[in-house]
Amino acid sequence: IPAMPEIDFTKFGEVEVVPMTKIQKITAFNMHRNWLNIPAVTQFDDADITELEAFRKGLKAEAEKRGVKLTPLPFLLKACAAALRAEPTFNVSITADGESLVKKDYVNIGIAADTPNGLMVPVIRDVDKKGLWQLAEEANAIIKKARDGKLTPADMQGGCFTISSLGAMGGNGFTPIVNAPEVAILGVSKAQMKPIWNGKDFEPRNMLPLALSYDHRAINGADCGRFFTYLVSVIADVRRLLL
Ligand code: CAO
């Protein structure tokens, strides 16, 4: 690819040149590698989290008693794990030679976390086998470990899928970069009350904007349609996770 030209920024004003940290360099390398290697498509949808939020708020006292911070994230982990089981085309990796697909019979999900050292993606293991409280506890603990700069390489390996949530910060949507060797990533933006047509009236509903980027070498649009429709349906009605 064409090289970037070197520019003398001092010609335009005062500047400071700061070397990138090791983690910034690793992130830059991985992003660039993934951007160049993966023909990615991003599909968008909104999930209705009105009932999920009512359920979550109803669990607040219990969460406090348990000493756990219960955000929408563990619900999303649970819903994504169910979608990865329902649509296993998403739970694969492409071998380095591009000749085979590795189909996985485990469901580990990474969480993109903003830390003082930069972007880290710790992985929660066997998400499909864990309940909400355990997922909330593990997410709280691994995010703290990431922010304390204490993650080990093993904490960041073995992911099948990543959730990148910028929901607490805002924005309508963004197109996340697939975190190879995974083949898909979910970008979560800020939930907002919106008027939704119920066939008779506009009803105020709490809508969560989601963006699903996937590697089009492993996943086709129809696979994504099935995965995303299922994912949005279980987020909208978490009772479906029992089915
Ligand atoms: N919409 C509205 N509010 C949301 C929300 C959403 N989608 N997601 C979270 N919130 C709320 C939470 O409920 C919480 O509020 P309450 O305390 O009232 O419940 C508040 O925002 C703060 O949440 P949080 O950020 O502490 O926790 P989280 O579980 O949502 O997220 C983590 C954890 C690690 C994903 C997040 O802190 C983070 O680091 N995100 C950045 C990820 C990132 O950098 N991605 C980009 C990667 S590619 O460049």
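Higher on the page you've got the structure.
Calculation criteria
- The numbering scheme is per chain: residues are counted from 1 as the chain's sequence reads.
- Only residues with pLDDT of at least 70 are given local features in this predicted model, and only at 80 or more are side-chain atom pairs given and counted; all residues enter the totals for whole chains, interfaces and linings.
- Working from all heavy atoms in the structure, the side-chain values ignore hydrogens and water.
- Under the scheme used here, helices are H or I runs from DSSP no shorter than 4 residues and strands are E runs no shorter than 2 residues, and both carry numbers assigned from the N terminus.
- Here the globule rule reads 2.2 Å times residues to the power 0.38, and the radius of gyration is calculated from C-alpha atoms.
- Type-normalised accessible area, obtained with a 1.4 Å probe on protein chains alone, sets the label of each residue: buried when under 20%, exposed when over 50%, and partly exposed for intermediate values.
- What makes two residues a contact is simply this: any of their non-hydrogen atoms within 4.5 Å.
- What sets the accessible areas is the Shrake-Rupley method with a 1.4 Å probe; for residues, cover comes only from the shown protein chains.
- Residues scored as positive are Lys and Arg, those scored as negative are Asp and Glu, and His as well as the terminal groups of each chain are ignored.
- A charged residue contributes its charge at one atom only: NZ of Lys, CZ of Arg, CG of Asp or CD of Glu.
- By definition here, a salt bridge exists when the distance from a side-chain nitrogen of Lys or Arg to a carboxyl oxygen of Asp or Glu is within 4 Å.
- We call a residue near a molecule or strand whenever a single non-hydrogen atom of that residue lies within 4 Å of it.
- Under this definition, polar contacts are N or O atom pairs within 3.5 Å; protein pairs additionally need one hydrogen-donor-capable and one acceptor-capable atom, and for neighbouring residues in sequence, both atoms have to be side-chain atoms.
- The residue classification treats Ala, Val, Leu, Ile, Met, Phe, Trp, Tyr, Cys and Pro as nonpolar and Asp, Glu, Lys and Arg as charged. All others, Gly included, are polar.
- Note: two strands are recorded as paired if DSSP finds a minimum of 2 bridges between them.
- For this analysis, a ring pair means two rings from Phe, Tyr or Trp (six-membered ring only for Trp) whose centres lie within 6.5 Å, classed as stacked if their planes differ by under 30 degrees, edge-to-face if by over 60, and tilted for the remaining angles.
- By convention a nonpolar core is built from buried Ala, Val, Leu, Ile, Met, Phe, Trp, Tyr and Cys residues, the set being connected through side-chain atoms within 4.5 Å.

Novice: I'm lost on the overall build of the protein chain in this one. Help?
Specialist: Each helix and strand counted, the protein chain has six helices and 10 strands in total. For 243 residues, the compact-globule estimate of 2.2 N^0.38 gives 18 Å, and the protein chain sits close to it at 19 Å. C-alpha extents for the protein chain along the principal axes are approximately 60 × 45 × 40 Å. Going through the 243 residues of the protein chain one by one, you find that 39% of them count as buried. Partitioning the intrachain contacts of the protein chain with sequence separation of at least 6 by distance along the chain shows that 63% fall at a separation of at least 24. Looking at the protein chain as shown, the accessible area adds up to about 14,100 Å², and 57% of this sits on carbon and sulfur atoms. Computing the positive centroid from 29 side-chain charges and the negative centroid from 28, the protein chain places the two 4 Å apart.

Novice: Teacher, can you tell me more about the pattern of salt bridges here?
Specialist: Side-chain pairs of opposite charge can arise whenever the charged atoms involved come near each other. Across all of its chains, the model carries 17 salt bridges by this definition. The partner of E138 in a salt bridge is K130, with the nearest N and O atoms 3.1 Å apart. Classification of E138 by relative accessible area gives partly exposed; the value is 25%. With relative accessibility at 14%, the residue K130 sits in the buried group. Across the salt bridge formed by K145 and D155, the nearest N and O atoms sit 2.8 Å from each other. Separated by 10 residues along the polypeptide, K145 in helix α5 (residues 132–147) and D155 in the loop between α5 and β7 (161–165) bring together distant segments of the chain.

Novice: Looking at this structure, I do not really get the site of the ligand. What am I missing?
Specialist: Inspection of the region around the ligand gives 23 residues, with K69, T71, D114, R147 and S164 positioned closest. Contacts to the ligand include R56, whose side-chain N or O atom sits 3.0 Å from an oxygen atom. Contact between the ligand and K69: an oxygen atom at 2.6 Å from a side-chain N or O atom of the residue. Here the ligand has 970 Å² of accessible area as a free molecule, and 72% of this is covered by the chains. Mapped onto the shell around the ligand, the elements with two or more residues apiece are β4 (109–115), α5 and β7. With four residues, β4 is the single largest residue contributor to the shell around the ligand. Residue classes in the shell around the ligand are distributed as 13 nonpolar, five polar and five charged.

Novice: Quick question: what am I supposed to make of the pairing of strand β10 (residues 202–215) here?
Specialist: Consecutive side chains of a regular strand alternate in pointing toward one face of the sheet and then the other. Here β10 lies mainly inside the structure; 11 of its 14 residues are buried. The sheet contact formed by strand β1 (residues 40–48) and β10 spans nine bridges and is antiparallel. Its bridge partner being in β10, D45 is matched across the sheet by L210. Both strand β8 (residues 184–188) and β10 contribute to a ladder of five bridges, which runs antiparallel. Each residue of the ladder has a partner; that of V188, found in β10, is L210. Bridge count for strand β9 (residues 192–197) against β10 is six bridges, and the pairing is antiparallel. Directly across from Q192, in β10, lies its bridge partner M207. Counted between consecutive antiparallel strands, the loop separating β9 from β10 contains four residues, among which G199 sits at a positive phi close to 105°.

Novice: What is the right way to read the packing of aromatic side chains from this model?
Specialist: In the structure shown here, the tally under the stated rule is four aromatic pairs. Summarising the aromatic geometry, the rings of F90 and F227 are spaced 3.9 Å apart at their centres and angled 10° between planes, so their arrangement reads as stacked. With F90 in the loop between α4 (73–86) and β2 (92–94) and F227 in helix α6 (residues 221–236), this residue pair connects regions lying 137 residues apart in the sequence. Across the pair, exposure class does not vary: F90 and F227 are buried alike.

Novice: It is not clear to me how the nonpolar core should be interpreted in this structure. Could you clarify?
Specialist: One broad rule of soluble globular proteins: the nonpolar side chains tend to lie buried together. Among the nonpolar cores identified, the biggest contains 55 residues, and F90, I109 and F161 are the most heavily contacted of them. Going through the elements one at a time, α4, β2, β4, α5, β7, β8, β10 and α6 are the ones with two or more residues in this core. Residue contributions to this core peak at nine residues, all from α4. Sequence-distant contacts of I109, defined by excluding residues within four places in its chain, comprise L77, C80, A81, L84, P122, V123, I124, V127, F161 and I163.

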